[in-house]
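Below are the chains, spelled out letter by letter.
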2 protein chains.
Amino acid sequence: MVLENFRPGVMQRLDLGYETLKDVHPGLVYCAISGYGRWAPWPPLRPMTRSSRAGQGVMSITGDADSAPLRVGYPVCDTIGGLAAFAISAALVRSLRSQEGCFIDVSMLDSSLTTMGWIVSNQLIAKCAPQPMGNHNFTASPSGTFQTRDGVIDIAANKQEQFETLCALIGRPELAADPKFRDREDRKRHRPELTVQIEQGLNTQTAAYWDEILNRHGVPAGQVLSVEQALGQEQVAHRGLLMSLSQDDEEITVTRSGFLVDGQQTAVDVPPPRLGQHTDEILRGLGLTDTAIAGLQEEGAI
Amino acid sequence: MVLENFRPGVMQRLDLGYETLKDVHPGLVYCAISGYGRWAPWPPLRPMTRSSRAGQGVMSITGDADSAPLRVGYPVCDTIGGLAAFAISAALVRSLRSQEGCFIDVSMLDSSLTTMGWIVSNQLIAKCAPQPMGNHNFTASPSGTFQTRDGVIDIAANKQEQFETLCALIGRPELAADPKFRDREDRKRHRPELTVQIEQGLNTQTAAYWDEILNRHGVPAGQVLSVEQALGQEQVAHRGLLMSLSQDDEEITVTRSGFLVDGQQTAVDVPPPRLGQHTDEILRGLGLTDTAIAGLQEEGAI
């Protein structure tokens, strides 16, 4: 299996393109990841990272009417390009069955659009242009983020009984009987006023308190956590998502794979390499002598 | 292969849990997706969707100092749970080699944390808490979103020569010689002032114009597109990402898979089913007679 994410054309120039390698190893699975794919009217030199983020459409729907377009807080298009791992594994299943290899061409733009789910379906099927909706879900109310005594909580009391439970738990049972908030449509019409009322109730306790008590009573809710808090959750520790590795004289912590197999985390047994750490080993594997490698080092080529 | 995303415990109650099915089919690959995983101190009834989004940490870093925490404009945690497809394909490779099946337990929380890349590494390894950074990249300048005559463009002129090219293209070559903007550190210190200067230059043309000309001259840039514009790009059409399917008397458009195999899009040959469309067919496959199915329909059970 070969995986590369050079610009289209670079592997051919190095004489390591798919056609060349396939001649040596006919069952080869070869995967190339690029910003826009290999067969493209766009010039292959077009830089990819930023255009991908802006050109995917996700910035246009992140934030609210005032703050959109906004970036997602981490490089989500690069992440989604990781569906290459799925494509490769699926191709390996086929190659085990039929001995056939293939060339997989992953486009970060295509991958991002494909995985945007109902946002893209709304546009394509319902012809309804997605709008930036901030933190409120415009199909329900109360459904969004709310201020508590010490931080923000995300609440989705979309069903009638969840709304009634919420009112009771925040000590404001009368809200559920108020004609302005009687059913979902009423609540959508009076959303700003309802938000003020709910935040008055939530203000008596911390976000962590409300997270626990709302979920316990069947109201979907989540304290908005920092990355540090997210990694520190009991559940994360329990499942062993994080592991320590020794790198030189340091202990570093990394994440495992995001899924368990037969109750076990999949193993990572080496730390991420330092820059160039395996260069000599790889060159020796390719048949270069120590003298040849030292020569390359002297020339500054490696 | 079995894939389900019921709450933990539901498949056991239906007598369709992994242990039961494995007895019938020893090489079974069984995958369960849930908000927090199967082996959990958290109660399995805890609602998952909203807590997952808030509890992943990504809301805390989306937006700027004023607008964070913000939701991503599409349900990114649910999307990332799709790495189940990778886990299943990888397990199928193993089962083809060894006849061994397995139980794969995908946690949306774990998956999300694992795929947040350098944000999580910054926290775990550098002990540096990620902050909401809005649309500007705080390690470089100019690197962020800028207003043009008709819309917003994302520009990452992170390298010295990219900055100089940008200044020349917007008709402001003198900016590159200004001591306030001489090197990257100078530009980071004078970011707001530099943004004003660059936007004055960009204001002469449209975002589409700048997208084309900046990329052609090696400055990474991307017009911020709406979802409709993103789907309408020449590149998307060229690669055949979208396809039409007939559903009853309607034509609907869907996306394909995000990658090409040997230059071809992978095929989707049936439209998404209507609610309950295949219920009779499945029940007949399980051996129920038409009379029995009609009975279930009368009872309102299906």
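As the structure is a computational prediction, the values presented were derived from the model and not from experiment.

A. Representation of the interface of chain B and chain A within the structure. Facing 113 residues of chain B, the contacting portion of chain A comprises 113 residues. Taken together, the two surfaces of chain B and chain A that pack against each other cover about 9100 Å², and 62% of this comes from carbon and sulfur. Where chain B meets chain A, there are six salt bridges. In this structure, aspartate 105 of chain A engages arginine 239 of chain B in a salt bridge whose closest nitrogen and oxygen atoms are separated by 2.8 Å. Between chain B and chain A we count 30 residue pairs in polar contact (both at pLDDT 80 or more) in total. For the side of chain B that touches chain A, the leading source of residues is helix α5 (residues 84–98) of chain B, giving ten residues. In terms of residue class, the side of chain B that touches chain A is built from 58 nonpolar, 39 polar and 16 charged.

B. Region of the structure containing the relation of the copies chain B and chain A. Once chain B has been moved 0.0 Å along the axis and rotated by 180 degrees, it coincides with chain A to within an RMSD of 0.1 Å. Such a combination of turn and shift is consistent with a two-fold rotation axis. Of every C-alpha in chain B, the one belonging to phenylalanine 86 of chain B sits nearest the axis of rotation, 2.0 Å from it. The overlap is high: 100% of the interface residues of chain B also sit at the interface in chain A, so the same surface is used on both sides.

C. Fine view of a nonpolar patch on the surface. All names here are of chain A. A grouping of Phe6, Leu14 and Leu16 is seen on the molecular surface, where their side chains present a nonpolar patch of about 260 Å² in accessible area. Considering the arrangement of structural elements, one finds phenylalanine 6 in the loop between β1 (2–4) and α1 (10–13). In this structure phenylalanine 6 comes out as partly exposed when scored by relative accessible area, which is 40%.

D. Molecular detail of the sheet that holds strand β2 (residues 29–34) of chain A. Pairing is mixed across the open sheet formed by five strands, whose spatial order is β1(A)-β2(A)-β3(A)-β9(B)-β10(B). Whereas interior strands pair on both sides, the edge strands pair on one side only; in this sheet they are β1 of chain A together with β10 (264–265) of chain B. Looking at chain direction, strand β3 (residues 102–107) of chain A and strand β9 (residues 259–261) of chain B are connected through three bridges and run antiparallel. Bridge assignment links aspartate 105 of chain A to a residue of β9 of chain B, and that residue is leucine 260 of chain B. Together, β1, β2 and β3 of chain A together with β9 of chain B form the strand contacts of helix α5 (residues 84–98) of chain A, whose direction differs from that of β2 of chain A by roughly 165 degrees.

E. Layout of the sheet that holds strand β6 (residues 221–223) of chain A. All names here are of chain A. One open sheet accounts for three strands, arranged β4-β5-β6; its pairing is antiparallel. Each end of this open sheet is capped by a strand with a single partner; those strands are β4 (143–147) and β6. Neighbour-to-neighbour, the strand axes of the sheet open up by a mean angle of 20 degrees, direction not taken into account. Looking at chain direction, β4 and strand β5 (residues 152–156) are connected through five bridges and run antiparallel. In the strand pairing of β5, glycine 144 is matched with isoleucine 155. Across the sheet, helix α12 (residues 207–216) is in contact with β5 and β6; its angle to β6 comes to roughly 160 degrees.

F. Structural view of the pairing of β5 of chain A. Residues and elements named next belong to chain A. With five of five residues buried, β5 lies mostly within the body of the structure. Residues Val152, Asp154 and Ala156 line one face of β5 and the alternating positions Ile153 and Ile155 line the opposite face, and both faces are buried. The antiparallel hairpin formed by β4 and β5 contains four residues in its connecting segment. With three bridges joining them, β5 and β6 adopt antiparallel strand pairing. Across the sheet, isoleucine 153 pairs through a bridge with glutamine 223, a residue of β6.

G. A look at unusual backbone geometry. Residues and elements named next belong to chain A. Between alanine 68 and proline 69 the backbone carries a cis peptide bond, its omega angle lying at -5 degrees. For glutamine 99, which is not glycine, the phi dihedral falls at a positive 65 degrees. For glutamine 99, the location among the structural elements is in the loop between α5 and β3. Among the residues examined, glutamine 99 registers a relative accessible area of 58% and is labelled exposed.

H. View of the packing of aromatic side chains. A full pass over the atoms with the stated rule returns ten aromatic pairs over all chains. Measuring from ring centre to ring centre gives 5.0 Å for tyrosine 209 of chain A and tryptophan 210 of chain A, while their planes differ by 80 degrees; the resulting arrangement is edge-to-face. Taking the centre distance of 5.7 Å and the plane angle of 65 degrees together, the rings of tyrosine 18 of chain B and tyrosine 30 of chain B count as edge-to-face. Residue tyrosine 18 of chain B is found in helix α2 (residues 18–24), and its partner tyrosine 30 of chain B is found in strand β2 (residues 29–34); the two are separated by twelve residues along the sequence. Exposure remark for tyrosine 18 of chain B: the relative accessible area of 11% places this residue in the buried category. Pairwise contacts between aromatic rings join Tyr18, Tyr30 and Phe103 of chain A into one cluster. For arginine 187 of chain A, the ring lying beneath its charged end belongs to phenylalanine 163 of chain A, and the centroid distance is 4.1 Å.

Thresholds, definitions, all that
- Residues numbered from 1 in each chain as written.
- Chains lettered and ligands numbered in written order.
- Predicted model: local features only at pLDDT ≥ 70, side-chain atom pairs only at ≥ 80, totals over all residues.
- Heavy atoms only, no water.
- Contact = heavy atoms within 4.5 Å.
- Buried area = accessible area lost by both parts, 1.4 Å probe.
- Salt bridge = Lys/Arg side-chain N within 4 Å of Asp/Glu carboxyl O.
- Polar contact = N/O pair within 3.5 Å; in protein donor to acceptor, adjacent residues only side chain to side chain.
- Helix = DSSP H or I, 4+ residues; strand = E, 2+ residues; numbered from the N terminus.
- Nonpolar A, V, L, I, M, F, W, Y, C, P; charged D, E, K, R; others polar.
- Least-squares fit on C-alpha atoms with pLDDT ≥ 70 in both.
- Patch = residues over 30% accessible without salt bridge, like charges linked within 9 Å, V, L, I, M, F, W, Y side chains within 5 Å.
- Areas by Shrake-Rupley, 256 points an atom, 1.4 Å probe, with all protein chains shown as cover.
- Buried < 20%, exposed > 50% of the residue type's maximum accessible area, 1.4 Å probe, protein only.
- Pairing = 2+ DSSP bridges.
- Axes fitted to C-alpha atoms, helices over the stretch in contact; angles between N-to-C directions.
- Phe/Tyr/Trp six-rings, centres within 6.5 Å; stacked < 30°, edge-to-face > 60°.
- Lys NZ or Arg CZ within 6 Å of the ring centre and 35° of its normal.

Read these as geometric descriptors, not functional statements.
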